[in-house]
Amino acid sequence: FTDTYDQDEDEFVVLIQGEAVLSFEDNTSVRLKVGDTIIIPAHKKHKVDFTSKNPPCIWLCIFYN
């Protein structure tokens, strides 16, 4: 599992436009569409597998403790 994120803070993500796919170290994945949200706990290793180009993927990520 390479090119992963392993943040020290929890992360709240909301997809504003487009689509995205995130995968996790436990071999699960999630497809995000417009309006979808996800909370990724601190130190949950994950990576971005796909972001749409048409329309472009736009998301807002908020890190917090």
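Structure: above.
Here is a short report on the structure shown in this document. Computed from a predicted model, the values in this text were never measured in an experiment.

**Concerning the pattern of salt bridges**
In a structure, side chains of opposite charge can pair up when their charged atoms sit close to one another. Counted according to the given criterion, the structure contains 1 salt bridge. Note that Glu-19 is salt-bridged to Arg-31, the shortest N-O span being 3.1 Å. Taken together, the positions of Glu-19 in strand β2 (residues 19-24) and Arg-31 in strand β3 (residues 29-33) put the pair 12 residues apart, joining distant regions of the chain. Exposure remark for Glu-19: the relative accessible area of 30% places this residue in the partly exposed category. A relative accessible area of 47% means that Arg-31 is categorised as partly exposed.

**Looking at the packing of aromatic side chains**
Where two aromatic rings form a pair, the distance of their centres and the angle of their planes describe that pair. Scanning the entire structure with this criterion turns up 0 aromatic pairs. The ring centre of Phe-24 lies 4.9 Å from the NZ or CZ of Lys-44, which sits over that ring.

**Brief notes about a negative patch on the surface**
Taken together, the side chains of Asp-6, Asp-8, Glu-9, Glu-25 and Asp-26 make up a negatively charged region of the molecular surface. Counting through the fold element by element, Asp-6 comes out in the segment before β1 (10-17).

Reading the values: rules and limits
Residues numbered from 1 in each chain as written. Predicted model: local features only at pLDDT ≥ 70, side-chain atom pairs only at ≥ 80, totals over all residues. Heavy atoms only, no water. Salt bridge = Lys/Arg side-chain N within 4 Å of Asp/Glu carboxyl O. Helix = DSSP H or I, 4+ residues; strand = E, 2+ residues; numbered from the N terminus. Buried < 20%, exposed > 50% of the residue type's maximum accessible area, 1.4 Å probe, protein only. Phe/Tyr/Trp six-rings, centres within 6.5 Å; stacked < 30°, edge-to-face > 60°. Lys NZ or Arg CZ within 6 Å of the ring centre and 35° of its normal. Patch = residues over 30% accessible without salt bridge, like charges linked within 9 Å, V, L, I, M, F, W, Y side chains within 5 Å. Areas by Shrake-Rupley, 256 points an atom, 1.4 Å probe, with all protein chains shown as cover. Lys, Arg positive; Asp, Glu negative; His and termini not counted. Charge placed at Lys NZ, Arg CZ, Asp CG, Glu CD.

Geometry only, nothing functional implied.
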